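Architecture and fold: a report
Residues per chain are reported as follows:
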Amino acid sequence: MKRHSANSSSYLILGLVGMALAFSWLFALTPRPHNIEVIRPNLTVNTQSLSSFNYLNYNTDHEGLYWLKFETDPMIYPLSRLKMRTMNCVHEMSTNHSDWKLPSGLQSVCDNRSGLLLKDTTKSLSQNTQWRFAGSTRGDSYGVLLEKDWSDPPVAAGLALLTLSLALMLYVRLPTRHLSERLFVVTFLILAFLFRFWLVFIESPPQFGLFSDMGAYFSRSEEILKGQFQLDQLFQPIGFTLWSLWLRKLGDFELFNWSQVFFSWGTVVFIYLMVRERFGSLAGAISVVISATYVPLAGFATFHMAENAYAFFISLLLWLILKTLKNQRLSGYFMIGLLMAIAFYFKGNHAFFIPIFALWLLYQDRQHFQKGFRKVAVMGLGCALVVAPHILWTWEHYGKPQLGPTAGALNFVEGKCPSKDNEDSTGARWMSPMFGFTNERIYKKWDRPFTDQGYFWKAGFNCVKEDPLVLISSLRYIYYLAFGNPLWPHISTNVQDLYYPWENLFYYGILPLTLLGLLVLRKDEEAFTQTSALLIMSLFLTVWFFKSENRFRVPFDALLIAWSSVGASWVLLKLLSFLGWLTVYLRNLFIKTPVVVQVTHQEESSGAEPNQS
């Protein structure tokens with residue numbers, strides 16, 4: 001046993017070393033622009049640009065020619081080829097060493113998201129080089145992105161080393177009992193990783209989808225980096241803005257994109273760990289198949305927005321709650337509080353769950369009040385360690401302490417007032433995508449900024465007073481979590497090619513299996529099952545109180561995946577039992593849970609019992 005443990009530790013260390021080497025190699029192969037200068041179409045000059053592309057919302061006033069130049073330092077291993085992705089058009093390109101002849105076809109030099117192959121780049125990358133570009137824009141974002149070509153053997157070797165290192169660590173650390181299960185789960189987890197890598201780095205990089213919320217996060221981070229602090233930067237939770245800014249300062253969009261891949265992949269890992277721990281090996285194996293291919297969760301990794309990280313935090317929170325309810329350690333409750341607060345500053349859709357969970361803990365320990373109070377107090381301490389710095393930071397930079405985002409009051413107005421297309425006194429305009437799909441487009445111009453929360457809370461409650469039935473009609477927002485509107489922003493980018501086929505699978509496969517899983521678990525009084533139900537009910541309460549969109553549900557789909565895995569396990573075990581294939585060996589793969597169907601008469605008479613784990 002000790003020898004096996006030592007071997008596992010050695011393989012784990014080997015995997016970590018392999019990952020470190022792979023990332024070091026991949027980052028060393030990335031050309032990094034600096035001293036970036038942009039001459040805009042209006043002939044103003046930005047000598048301190050933060051990236052080699054200029055982000056703009058579409059405006060015909062910005063239409064015209066632009067010029068861009070930047071420098072790259074000598075690389076340790078200069079690549080022989082690069083890919084150049086373009087935003088709008090690039091017509092001329094040169095360096096201080098040579099001129100480059102670009103293709104004449106506009107499809108190659110305009111909005112080329114797959115990348116134009118640049119050959120013979122070794123000379124330019126082996127020394128300090130100034131790159132110069134001239135192009136045109138129709139009025140939105142423009143510029144270039146120089147990237148490594150992932151099919152280039154030196155680059156592909158780094159990716160292969162990273163993948164093998166991950167596979168090795170998974171193989172030695174996954175809580176599986178049988179080799180077949182281990183190989184199956186590792187295979188699908190690696191496929192999940194490669195799928196997300198392909199989405200983020202090849203098919204639809206986040207920096208090419210900077211519009212609406214994604215562009216707003218980017219603009220706010222640039223303003224903060226320049227020391228420009230305005231209260232509207234807190235319109236959405238500030239956590240993701242600061243997280244993105246910090247990562248891009250350290251390693252540009254490449255580091256941010258890797259974080260998107262690992263957040264999304266980590267969601268898959270924690271869903272599997274949660275499901276296997278609670279519902280057994282079969283449900284765990286099914287969950288890893290579903291979550292690995294779950295397009296809504298994977299697709300969020302391609303967008304510069306908080307939902308991807310938020311989904312990771314929710315799946316991690318569920319796993320942590322499961323473990324803490326099992327071992328009842330106070331440190332677990334502290335981590336739950338800490339994690340819930342961190343998640344709140346990325347996205348606040350679980351906000352009502354925090355007090356509901358605390359009250360549930362007190363109720364569970366109502367016979368031992370001090371014990372329950374200690375749990376809640378420790379959890380509160382974890383929350384406070386995140387909330388307090390946020391209050392102090394906003395006080396210092398915005399002149400007033402802020403507990404959370406300033407969008408809450410406007411969301412309440414959107415949900416309870418007739419006007420769904422709202423514009424404030426500063427010219428900021430806000431309309432949720434869902435109301436476009438429901439064709440609710442009543443416009444209203446307000447004489448206060450959206451950040452005046454007191455004013456907008458009062459306006460929202462006035463709408464309720466004028467039409468109390470809106471409290472009933474707002475129940476429709478629960479319906480809109482899954483129906484009545486497609487998943488935005490997936491439908492606005494290349495991800496839609498994967499999303500629309502997957503949507504049918506969701507409605508006709510996953511949702512029915514979810515309902516079946518809930519039916520199987522209807523008499524289950526396990527604490528985690530109750531907590532899971534409370535989390536979903538708190539989401540229902542949130543969208544009823546404010547408003548809803550399909551995307552508000554997706555970060556919580558860890559529970560739908562878990563329950564659908566239970567339903568699928570029940571179906572499969574029933575089928576195996578009916579066919580007479582439910583052998584003792586198969587039974588030994590499963591933890592004894594409510595999803596395990598009654599075995600055949602022959603197996604019952606044998607007296608064999610499934611192993612517990």
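Here is a short report on the structure shown in this document. Just so you know, these numbers come straight off a predicted model, no measurement behind them.

Reading the values: the criteria
Residues numbered from 1 in each chain as written. Predicted model: local features only at pLDDT ≥ 70, side-chain atom pairs only at ≥ 80, totals over all residues. Heavy atoms only, no water. Helix = DSSP H or I, 4+ residues; strand = E, 2+ residues; numbered from the N terminus. Rg over C-alpha atoms; globule rule 2.2 N^0.38 Å. Buried < 20%, exposed > 50% of the residue type's maximum accessible area, 1.4 Å probe, protein only. Contact = heavy atoms within 4.5 Å. Lys, Arg positive; Asp, Glu negative; His and termini not counted. Charge placed at Lys NZ, Arg CZ, Asp CG, Glu CD. Patch = residues over 30% accessible without salt bridge, like charges linked within 9 Å, V, L, I, M, F, W, Y side chains within 5 Å. Areas by Shrake-Rupley, 256 points an atom, 1.4 Å probe, with all protein chains shown as cover. Salt bridge = Lys/Arg side-chain N within 4 Å of Asp/Glu carboxyl O. Phe/Tyr/Trp six-rings, centres within 6.5 Å; stacked < 30°, edge-to-face > 60°. Lys NZ or Arg CZ within 6 Å of the ring centre and 35° of its normal. Disulfide = S-S within 2.5 Å. Core = buried A, V, L, I, M, F, W, Y, C linked by side-chain atoms within 4.5 Å. Expected span 1.5 Å × (residues − 1). Arc of directions from axis to C-beta.

1. Observations concerning the overall build of the chain
Of regular secondary structure, the chain possesses 24 helices and 13 strands. In terms of overall dimensions, the chain is globule-like: its C-alpha atoms have a radius of gyration of 26 Å, near the 25 Å expected for 613 residues. Each of the three principal axes of the chain carries a C-alpha extent, and together these read 85 × 65 × 45 Å. Across the 613 residues of the chain, 55% fall into the buried class. Expressed as a percentage of contacts within the chain between residues at least 6 apart in sequence, the contacts between residues at least 24 apart total 75%. For the chain, the distance from the average site of its 52 positive side-chain charges to the average site of its 44 negative ones is 8 Å.

2. Observations concerning a nonpolar patch on the surface
Together, Leu 572, Leu 575, Phe 578, Leu 579 and Trp 581 make up a nonpolar patch on the protein surface, roughly 560 Å² of accessible area in all. You can see Phe 578 is positioned in helix α22 (residues 557-579).

3. Considering the packing of aromatic side chains
This model, assessed by the stated rule, comprises 69 aromatic pairs. Between Phe 369 and Phe 373, the ring centres sit 6.1 Å apart and the planes meet at 25°, which makes this aromatic pair stacked. You can see Phe 369 and its partner Phe 373 sitting in helix α13 (residues 369-398), four residues apart, about one turn around the helix. Between the NZ or CZ atom of Arg 220 and the centre of the ring of Tyr 217, over which it lies, the distance is 5.5 Å. Against the face of Trp 544 rests Lys 416, its NZ or CZ located 5.7 Å from the ring centre.

4. Observations concerning the state of the cysteines
Going through the model one piece at a time under the given rule, you end up with two disulfides. Each sulfur in the disulfide pair Cys 89 and Cys 110 lies 1.9 Å from the other. In this structure the cystine formed by Cys 89 and Cys 110 twists about its S-S bond by roughly 110°; its chirality is therefore right-handed. Taken together, the residues span a long stretch of sequence, with Cys 89 in strand β6 (residues 89-95) and Cys 110 in the loop between α2 (106-109) and β8 (116-119) at a distance of 21 residues. The class for Cys 89 is buried, based on a relative accessible area of 14%. Assessed through its relative accessible area of 15%, Cys 110 is described here as buried. Each sulfur in the disulfide pair Cys 417 and Cys 463 lies 2.0 Å from the other.

5. Notes on the pattern of salt bridges
Scanning all chains against the criterion turns up 22 salt bridges. Among the salt bridges present, the one from Arg 81 reaches Asp 149, with a minimum N-O distance of 2.8 Å. Taken as a pair, Arg 81 in strand β5 (residues 81-87) and Asp 149 in the loop between β10 (142-148) and α4 (153-173) lie far apart in primary sequence, 68 residues in all. Under the relative-accessibility criterion, Asp 149 is labelled buried at 5%. Note that Glu 277 is salt-bridged to Lys 326, the shortest N-O span being 2.8 Å. Of this pair, Glu 277 sits in helix α7 (residues 238-279) while Lys 326 sits in helix α10 (residues 307-327), and the two are 49 residues apart along the sequence. On the basis of relative accessible area, Glu 277 is assigned to the partly exposed category, the value being 27%. Through salt bridges with shared partners, a single ionic network connects Asp 213, Glu 307, Lys 347, Glu 549 and Arg 551.

6. Quick word on the nonpolar core
Counting 149 residues, the largest nonpolar core has Met 84, Phe 133, Leu 189, Trp 258, Ile 336 and Phe 357 as the members making the most contacts within it. Looking at this core element by element, the count peaks at 17 residues for α7. Residues contacting Ile 336, with those up to four places away along its chain left out, are Leu 317, Leu 320, Ile 321, Thr 324, Phe 357 and Met 379. In this structure, Ala 407, Ala 409, Val 413 and Trp 446 belong to the second largest nonpolar core, which totals twelve residues.

7. Some points on helix α11 (residues 330-344)
Because each turn of an α-helix spans 3.6 residues, side chains separated by three or four positions end up pointing in the same direction. The terminal C-alpha atoms of α11 lie 21 Å apart, and with 15 residues this matches the ideal 21 Å at 1.5 Å per residue to within 8%. All of the buried residues in α11 are Gly 332, Tyr 333, Ile 336, Gly 337, Leu 339, Met 340, Ala 341, Ala 343 and Phe 344. In this structure, the buried residues of α11 make contact with α10, α12 (353-364) and α13.

8. A word on the environment of Gln 107
Examined against the element boundaries, Gln 107 turns out to sit in helix α2. The exposure class assigned to Gln 107 is exposed, which follows from its relative accessible area of 63%. With 30 residues separating them in the primary sequence, Gln 107 and Thr 137 have C-alpha atoms 14 Å apart.

9. Some remarks on helix α16 (residues 453-466)
Taking 1.5 Å as the rise per residue, α16 with 14 residues should run 20 Å; its terminal C-alpha atoms sit 20 Å apart, in good agreement. Listed as buried for α16 are Gln 453, Phe 456, Ala 459, Gly 460, Cys 463 and Val 464. The buried residues of α16 occupy one face: seen down the axis, they fall within an arc of 145°. Across from the buried face of α16, at angles greater than 90 degrees, the exposed residues are Gly 454, Lys 458, Lys 465 and Glu 466. Here the buried face of α16 lies against α14 (408-416) and α17 (470-473).

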